[in-house]
Amino acid sequence: MVDHDGDEDRIRSVRSFAEMCSEMFIKDFMTKDLVTISENDSIDQILETFDKYHFHTYPVVSEDNVLVGTIDQNIILKILLVHRAPRIEHTHLNAVVFQGDTAKTIMIPHPISISPNETLCDTADMILKHKIDRFCIVEDGKLVGMICKPDIIKEVYKLRGLY
């Protein structure tokens, strides 16, 4: 015996989830109160920020809050352990980073960013497809927020609980 009613309910539920997911925008649950690093901050100031707040990645901004890069824990660890860097990492780029004295000289330039008007579903798809852990949110060229994988998981979980 085939239970067609159950299939219809499941399809209706899946469709509703997909529709709801496409109607939720990142701007509604992104982190807006950000800890940023100025592009002119010294290495010591950057290390103090990492020590004080314990985030994995920090956006680097210009004086007018334009997103110019990011600095993550990997960069900090490489700088702190430069003498232990494997020979394969002895490149010109790493030499420049290791000798850098400001955020601008050690940051990862051109960070991946998205609009605050991206949907939850589209953002989740990008995270999975490109294996990205977080996005900087930029509007009119200015940094307005961040969203990370746990934020997406939390929102999808809450949405699934409605169905």
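Report on the accompanying structure. Note that this is a predicted model, so its numbers are computed, not measured.

## Points about the packing of helix α2 (residues 43–53) against helix α3 (residues 73–80)
(1) Moving on: Here α2 crosses α3 at 125°, and the two axes come no closer than 12 Å. Judged on the interaxial angle alone, α3 and α2 are oblique. Viewed along their axes, α2 and α3 form a crossing whose handedness is left-handed. Touching Ile43, Ile46, Leu47 and Phe50 of α2 are Gln73, Ile76, Ile79 and Leu80, all from α3.
(2) Moving on: Among the residues forming the contact of α2 with α3, the class breakdown is seven nonpolar, one polar and no charged.

## A short note on the sheet that holds strand β4 (residues 108–109)
Pairing between sheet strands relies on hydrogen bonds along the backbone, with the strands arranged either parallel or antiparallel.
(1) Moving on: A sheet is described by the order of its strands in space; here four strands give the open sequence β1-β2-β3-β4, paired in mixed fashion. Because the sheet does not close on itself, it has two edges, and the strands there are β1 (37–38) and β4.
(2) Moving on: Alignment of strand β3 (residues 67–72) against β4, held across two bridges, turns out to be antiparallel. Note that in β4 the partner of Thr70 across the bridge is Ile108.

Rules of the game
- Residues numbered from 1 in each chain as written.
- Predicted model: local features only at pLDDT ≥ 70, side-chain atom pairs only at ≥ 80, totals over all residues.
- Heavy atoms only, no water.
- Axes fitted to C-alpha atoms, helices over the stretch in contact; angles between N-to-C directions.
- Helix = DSSP H or I, 4+ residues; strand = E, 2+ residues; numbered from the N terminus.
- Parallel < 35°, antiparallel > 145°, perpendicular 65-115°, else oblique.
- Left-handed = near helix turned anticlockwise from the far one by under 90°.
- Contact = heavy atoms within 4.5 Å.
- Nonpolar A, V, L, I, M, F, W, Y, C, P; charged D, E, K, R; others polar.
- Pairing = 2+ DSSP bridges.

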